[in-house]
Each structure stands twice: as structure tokens, then as C-alpha cells.
Amino acid sequence: MTTDFGTRDGFTAQMKAVILRINPHAQIIDVTHDIRPYSIMEGALVIKGVSPYFPAGTIHVAVVDPGVGGPRRGIVLRCGEQSYVGPDNGLFSFIITDSPDWEIREISNADLMLANPHPTFHGRDVFAPLAAHLSAGVSFSFVGPTVVNPVMLDVPAPVKTRDGVRGEVIYVDRFGNLSCNIEAKRLEREVAAVEVGDTRIPGIKTYFDEAPEGTALALINSFGLLEIAVNRGDASKALGVHLGDSVRVCWK
Amino acid sequence: MTTDFGTRDGFTAQMKAVILRINPHAQIIDVTHDIRPYSIMEGALVIKGVSPYFPAGTIHVAVVDPGVGGPRRGIVLRCGEQSYVGPDNGLFSFIITDSPDWEIREISNADLMLANPHPTFHGRDVFAPLAAHLSAGVSFSFVGPTVVNPVMLDVPAPVKTRDGVRGEVIYVDRFGNLSCNIEAKRLEREVAAVEVGDTRIPGIKTYFDEAPEGTALALINSFGLLEIAVNRGDASKALGVHLGDSVRVCWK
Amino acid sequence: MTTDFGTRDGFTAQMKAVILRINPHAQIIDVTHDIRPYSIMEGALVIKGVSPYFPAGTIHVAVVDPGVGGPRRGIVLRCGEQSYVGPDNGLFSFIITDSPDWEIREISNADLMLANPHPTFHGRDVFAPLAAHLSAGVSFSFVGPTVVNPVMLDVPAPVKTRDGVRGEVIYVDRFGNLSCNIEAKRLEREVAAVEVGDTRIPGIKTYFDEAPEGTALALINSFGLLEIAVNRGDASKALGVHLGDSVRVCWK
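Notes on the structure in this doc start here. Numbers given for residues are sequential positions, taken from 1 along each chain in its written order. The order in which chains are written sets their letters, starting at A; the order in which ligands are written sets their numbers, starting at 1. With pLDDT at 70 or above as the cut-off, local features in this predicted model cover only qualifying residues; side-chain atom pairs require 80 or more to be listed or tallied, and sums for whole chains, interfaces and linings still use all residues. Computation of side-chain values: all heavy atoms of the structure, hydrogens and water removed.

Moving on: the pattern of salt bridges. In what follows, salt bridge is the name for a side-chain nitrogen of Lys or Arg lying within 4 Å of a carboxyl oxygen of Asp or Glu. Scanning all chains against the criterion turns up 45 salt bridges over all chains. In this structure, Asp98 of chain C engages Lys48 of chain C in a salt bridge whose closest nitrogen and oxygen atoms are separated by 3.0 Å. With Asp98 of chain C in helix α3 (residues 93–98) and Lys48 of chain C in helix α2 (residues 40–50), this residue pair connects regions lying 50 residues apart in the sequence. If you follow the salt bridges from partner to partner, you end up with Arg78, Glu103 and Arg105 of chain A in one network. Note on conventions: DSSP H or I runs of at least 4 residues are helices, E runs of at least 2 residues are strands, and numbering of each starts at the N terminus.

Between two residues, a contact is recorded if the distance between any of their heavy atoms is within 4.5 Å. Chain B puts 31 residues into the contact, and the matching count from chain A is 34 residues. What counts as buried area is the accessible surface, traced by a 1.4 Å probe, that two parts surrender upon association, with contributions from both included. Summing both partners gives a buried area of about 2800 Å² for chain B against chain A, and 56% of it is carried by carbon and sulfur. Contact with chain A buries surface across chain B, with Tyr53, Arg174 and Phe175 of chain B losing the most and accounting together for 28% of the total. Our count for the chain B to chain A interface comes out at 0 salt bridges. Elements that contribute at least two residues to the side of chain B that touches chain A include exactly α2 (40–50), β8 (164–172) and β12 (216–220) of chain B. Take the side of chain B that touches chain A: its biggest share by element is 3 residues, from α2 of chain B. In this classification, Asp, Glu, Lys and Arg are treated as charged, Ala, Val, Leu, Ile, Met, Phe, Trp, Tyr, Cys and Pro as nonpolar, and every other residue, Gly included, as polar. For the side of chain B that touches chain A, the residue count by class is 17 nonpolar, 8 polar and 6 charged.

Once chain B has been moved 0.0 Å along the axis and rotated by 120 degrees, it coincides with chain A to within an RMSD of 0.0 Å. Taken together, the rotation and translation relating the two chain copies correspond to the operation of a three-fold axis. By C-alpha distance to the rotation axis, the residue of chain B lying nearest is Gln27 of chain B, at 5.7 Å. Of all interface residues in chain B, a mere 3% are interface residues in chain A too; the two copies therefore contact each other through different surfaces. Copy-to-copy alignment: least squares on C-alpha atoms, limited to residues at pLDDT 70 or above in both.

On to the sheet that holds strand β4 (residues 82–87) of chain C, then. Residues and elements named next belong to chain C. For two strands to be treated as a pair, DSSP must find no fewer than two bridges joining them. Here we have 6 strands laid out as an open sheet, ordered β1-β2-β4-β3-β5-β6, and mixed in their pairing. Across the chains shown, the open sheet's two edge strands, defined by having one partner strand only, are β1 (2–3) and β6 (146–147). Both strand β3 (residues 74–79) and strand β5 (residues 102–106) contribute to a ladder of 5 bridges, which runs antiparallel. Paired with Ile75 across the two strands is Glu106, which belongs to β5.

Rendered as C-alpha cells:
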């Protein structure tokens, strides 16, 4: 389960209760419920990050769903050996982009939902029961008609510059580490420096302690992305850098 | 499990460890550990909200317990096909009010607790082991003597006015949505507007996106209560409205 | 699992996914993921606090690991009937100090890790798979060579004064309660007062409600430590007392 519901209000517990009523043997893992409210991009990045580690047969239920109750579709995406249940609003963009082999169905079979789904809580009344039914063996083909044009996020792409690459911060994690939209493979030449705001950071390090405590460094993080960090500190606060800020890589 | 213990300190893990030592097959679901510290009302509302979704046989362990170690009783409430274990301080008021069919026992059987319960942590030393024993098949009648006068919360009731209903905000969720003590069934006439603070909101909507982004709307939420929200925003912050503030419904 | 990863970013879910791929029957309990970032002391105290309640065979995976990727070792500690997997940085100091009977191995067997462990995320690539293999029956002796000199935290000790004991605040919990490095057994004489900052608190109480609402009290908490609390309030905020502040116990 990946949601922006937080853990205060019992919303995620209602979803789990619904799942366990349908399939008492379901094994439920919380990916996170602390996606920034309404941030489809953040949800999409986390889902991309965790998917490679989950076993075959995993069913992801993902709910970051500001358009709930309106015309947006509910979908099930099947990709590799995992499935993804949630709103058709771009939340699964990276899964779709990263794989040539996917199939989507629109959720339309009312037998797989709770009766009279509440218009503000499809997580509980549509997505949770649907995932539970799939986990209990209901066939993907029963979900509803095929979808070929899922909604995709408009993801900023890094651009080549005269002497390097320019991207932006697309994720700030709990430690204040700054993930950029620059994948490791884009660093095809040796890096002289990474610049962000007023800070110029020399070269690429491998781990945090290679920089003195409290100083900034750049490395390739565990998502395979260029990351700017401060050793034992909070890079976002220390450097005054936030989501969407520009990052420049300069070749040697 | 529903508590105000937070998740920082390992308190809830101690409770889970105690449960699993007694019943290694127990399936433990966190409802929330983020009830506002000492807020029995908030705990009671969350427990009411989640209960209908849990399967028969569920045992709720609920600990919002500022009076721990003092004269307040510990109780087990049996209601429908679910049980509730916790302090007798009003935490189960809504469960009791909503059902004619309930039975309560005072926790007095020391065989079902840890030895020498610590006076500040009955969650770990009394309620968790008791719930584990119940889940492992110990009979309700072994818990202790019958209780007929459980402590009940003093819940504010909405009042009829000349041209509508007046209630108050009784819950603010993670998104800043404002739940009122006005149930859907109290809206027996067509609603012209809902007023809160300086804001007048026309009519009742069905889902968030029916209002333009950033504007206020009123709807019936997934608890069956009148809710004031701001589409893709935080109504509490945007409207400056908080717990206990007055809400007025005006008939057409 | 005890970490400082928070629950926002999916890091802990990656660890759980790795564990379940290796041992689908593993039962995973979150102790906490909200250790203050990089605070080895806080992690060590929580691990000490929860350990006595977990069943035999429990494998703790603990990651508060600012030195990840550098020269610090990864270790497995076997102590009593539980095991502890994590960095060799003092995180298990209290477990080692409290027991004469322990054995440690350095993690060096690459067959028990993911391939090419990422230098910033040994939680996912080294500690989680190792714990999963142990839980699935792999022998402790396969982990790596014996370690006899684990890194230990420099823990402040309380000191005897002319008329009592002086210690310090070593933990502030979610409620603002202040745990001191003064164990119950150090209070060998009757206590006249506990002093902290400008506040003088008479005697030792047993439970919170023995003090009037909003006033300070001292008691022995559920960790067996001297604790300063404010009944139904936040002692840290109300008294302006923080981690590391001095606490004085005065005999009668």
C-alpha cells in the first residue's frame, strides 16, 4: 500500500480491514502512507523505487487521488509479475515507461467493489476490495475493459548543456537528501562539479562519510539517481534547496 | 491497535511483542498510533470509524489512557462480533451508543496480565496480554466481573435552529478536512448553505473536484458526517477553522 | 526493524520486500523507523527497551548508520535467544553491557547479501537479506569471522553527590516525558526531591494522575529509569528541559 492518507485517521486501517474480510490470508505491507498530500509525482517515484524489490505476485494498491469521485478512471496495471491498482492519474507512469510489457484494465466490475462506493474514498470501497479479490485468485480479465491510453505524468527531462547536463530536484527524502532527474547513465563523462543554488560541489563521491561532517557531496543514490547530500546533515535545509530547483553537472 | 503512543519510542512494539509471545499466530493491524496525546474523543471517533470494516472476531486494543495506574477500570467490551480492550474512560462510547447489544467485563484476572503490571503502561502489561489471551481462545467470562455503567464521553449534540441545524467541528483529519457532529440523516431538508467562521459555502457536493481547486465545499464524508473541505487544499488552514468551532447549516 | 529511515520514502518497504523474497514466511514487526536521524544513542535505548518483550528466536534488524559505505563493519550479535543485525557503531551497546553471554560475527559472506550492495543502503542490500537468511535457518557461523571488540557507545554515568545522585536526561519520548540515566536501583535512599532546571519536584510518585493536571512529577518509568513528567502535559516543553540536561536527586 502506497498512499497519501497518513496514519492518523484510520483510513488505511479501513482499507486493510476490507482486504482481510475478502482474503484473510493476504499479507499486507505498508510502503508508505506519508506521500505529500495530492503529490502524484512523489507517489509515482516511490512506487518506481520499491517495485524492483518486491516478489512476483505482489499487488500494489496505490492511492494518491485528488480527483476521486470525478470522471477519472480506476485501473489495474499488470506489468512483469506484479500488479498495480489505483486511479488513472499518472501514479504508475514510471512503471509503464520503464517496461515495454504492460496491460491495463479499467475497473468496472461492481462485483469486485463494496456496494455503493463512497465518492471520496475509492481507496477503501474500490481499490482495496479489488486488490483483495485479485490476491484471492480472481482473474485480471474480470476487472473490466482494456485501457490503451493511461494518463501519464509530464516528467521533466534533463537537458544537455555546452559543458554538462542540467536537471532539477525531483524528490527530497526524510534526511533532506536531494534526488535529481539525472540518472547515473547520463553521467557519461567525468564530473568536475555539481552546482545547486550557490553551492559548487566537486566530483562524485561513493558514500556519505567521504565528505567531512556537515559538508555537501554528490553521489549516485540507491534509486540510481544523482543525489546531493550533506554528510550527517540535511542538504535541503543547509543549502536552501527545494523540490524543482535547478541542478547543473559540469564535465571536467 | 489504536493508541496515542506514536511510533517513535517502541511502546507499540513492546505491546506487539507481548501479544506474539502469548499468541504467535495473532495477526496485528495498526489502526493508528497517532491519536492526539490524551484525546479520548479523537480515539473514540477513529474506533467508531473503522469498526464496521473489520471482520468478525476482531479484537481491538485501544489505549488513550491519561488516567493509567489510577482508579479507572480496565475493561473488555463485546459488541456484535468484535471485542474492545482498553481503559474505561469513554474510548468506546460510540460503539456502545450505536448498538443495543453489548456486554462489558472489568479486567481483574491477574492470570491474563503480565506479572506486576507497571503503573504507567497498562497497554503493554494488561491490555496487550489480555487481548492476546482472548485471541488464543480464553473465554470472555474469565476476564472479570460484569460492568453495567461504563464511563461515557460527553458528546456535543447538534441543535435545530430556526432555519437549519447548528453543530461543531469534532475532527480534523490529515488533509485538514473538517468533520462535524452532523450526521447525513440530520440533513432532512435541502441545504442552501453551510456556514463556518466567515465562510458561506453553497449547497452540498458529492466529491472534491466539483468545487474549483482551492475553494471550499461541503459534502457527506466516508464516516457519514457533514464535512467541510477545500479541493486539493487544507480547509482547517485555509478557512482558519479548528476543533470545536461552530458550523451552521441553513435550509433552502 | 528499528531504523531512522522514517516511513515516507519507501526505504523500509524495500527492506521488507527483500526479506520476503528470501523468506516469504518471515513475520516482520516495526519497532520504529522514527529514531532521530543519525542518533545512535536513541536507537540503542529503544533496542534495549523492547528486547525483553520479544520472543526467543527474534532477529532484530537495526539501522542507524551514518557511517554506511565507509570502513565501519556490519555485525550480527547473538545474545540470549535473540539476534541483532546492523552496523558496528554502538547501536547494540546496551544489549552487550546488560548480558555476560554474547557472541558477534562480522558480516563478510557475500552469499548472504544482495549482489553489489549500494554504498549508501546496507539496510536493504546487506542487513535485510542477512536477517532473512538467518530467519530461514542459515547458521550464525556462516556470517563471517568472530568479533571480540565491538564499538561501544560512550554512555554518561550518574554520579553520587554529597546528598544524592546527579544524572542527565538521555531520552525524551513522544509525550515529552524525560528519561534519565538513573536506574531505579540507584535510588537506594528515600528521595526528598528531584531537581531539573529551575523546577524542584517533591518525592517519587507511582503514576501520572497522582500529580494535579499540568504539574510536574517524578516516577520510575516502564524502562526502569527515573522519569520526569507533567500529568497530561509535555514535560520537555513545560519545563524547558532537553536531552543532556542535568537532573539532581536529593535524599531526605
